[in-house]
Amino acid sequence: MNTGYWKSILDSISSIWTGMRLTFRHIGTATKSVSKDGVASDNYFARSEGLMSLQYPHETLPVPDNGRYRLHNEIDDCIVCDKCAKVCPVDCIEIDAIKDKEVYGTTSDGTPKRIHAARFDIDMGKCCFCGLCTTVCPTECLTMTKAYDFSEYDVIEHIYSFANMSDEEIAEKRKQAEIPSGGASPAGTPGKTAGKPMMKPRPSMPKPNINTGKKDD
Ligand code: SF4
Ligand code: SF4
């Protein structure tokens, strides 16, 4: 038997001993839960005691305020200017705009509203979370929420609809604007948003709850 054989055995025993020493050094604190400091905290990377994992989803860490997660459009403050759809590098915002003949309301910051959103969909399955759409939004109605866990079994569920017009209202506004149903709107962007087919027919979607990250039934 050569010396390499015995050296391997000694190395193995040494490695096991080192591992066991580390285990016994920390086993006393392993019953304590880790601090709930988020990654924005100065203590986040200084933690060396206690359980390092969380009982997710029952326990969660706070996410940074400037993180980029699921988008939300406060549709009552949206002036349907189409800037977000134009700037989006992956074309995941779909808007169907209907121009009104006059100003029909104002947003919470006082911006006049002249265009209705018959459809305002964001496909979060395509979104690359660049944040450009929130940057160009003139009324700041398009924002990143803190909802980061919105996995779905069906990719179609990642399309979030924010328009709140009924079919009757859409038909009425189209008639007033003298736009044939399903036709291009003067306020839309032909070739980019208006009339652009989706990847497959979309069932009516429940609106997402921006606090829980789940869709209401
Ligand atoms: S974050 Fe970027 S990719 Fe996602 S919708 Fe906005 S512009 Fe498009
Ligand atoms: S940029 Fe803002 S105001 Fe304009 S359509 Fe998009 S969400 Fe609405």
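The preceding data block contains the structure.
Residues numbered from 1 in each chain as written. Chains lettered and ligands numbered in written order. Predicted model: local features only at pLDDT ≥ 70, side-chain atom pairs only at ≥ 80, totals over all residues. Heavy atoms only, no water.

Among the nonpolar cores identified, the biggest contains 25 residues, and Leu71, Ile93, Ile95, Phe120, Ile122 and Leu142 are the most heavily contacted of them. Of all the elements in the fold, those that place two or more residues in this core are helix H2 (83-87), strand E2 (93-99), strand E5 (115-123) and strand E6 (142-144). If one sorts the elements of this core by residue count, E5 sits on top with four residues. Other than its neighbours up to four places away in sequence, Phe120 contacts Asn73, Ile75, Cys78, Cys84, Ile93, Glu94, Ile95, Tyr160, Ser161, Phe162 and Ala163. (Core = buried A, V, L, I, M, F, W, Y, C linked by side-chain atoms within 4.5 Å. Buried < 20%, exposed > 50% of the residue type's maximum accessible area, 1.4 Å probe, protein only. Helix = DSSP H or I, 4+ residues; strand = E, 2+ residues; numbered from the N terminus. Contact = heavy atoms within 4.5 Å.)

As a matter of local geometry, ligand 1 sits amid 13 residues, with Cys88, Cys127, Cys130, Gly131 and Cys133 nearest to it. The cavity where ligand 1 resides is the second largest cavity. (Near = heavy atom within 4 Å. 1 Å grid on protein atoms, 1.4 Å probe; cavity = no way out; pocket = protein on both sides within 12 Å on 5 of 7 lines; lining within 4 Å. Sits in = over half its atoms within 2 Å of the grid points.)

Moving on, we get to the side chain of Asp77. Secondary-structure assignment places Asp77 in the loop between strand E1 (71-73) and H2. Of the side chains with opposite charge, Lys113 comes closest to the buried, unpaired Asp77, at an N-O distance of 6.2 Å. Beyond its immediate sequence surroundings of up to four residues, Asp77 is in contact with Thr107, Ser108, Thr139 and Cys141. (Lys, Arg positive; Asp, Glu negative; His and termini not counted. Salt bridge = Lys/Arg side-chain N within 4 Å of Asp/Glu carboxyl O.)

Let's shift gears to the site of ligand 2. Within the structure, ligand 2 sits among 13 residues, and Cys78, Cys81, Asp82, Cys84 and Cys137 are positioned closest to it. Residues belonging to the shell around ligand 2 are distributed by class as follows: ten nonpolar, two polar and one charged. (Nonpolar A, V, L, I, M, F, W, Y, C, P; charged D, E, K, R; others polar.)

Interpretation note: all reported values are geometric properties and have no functional meaning in isolation.
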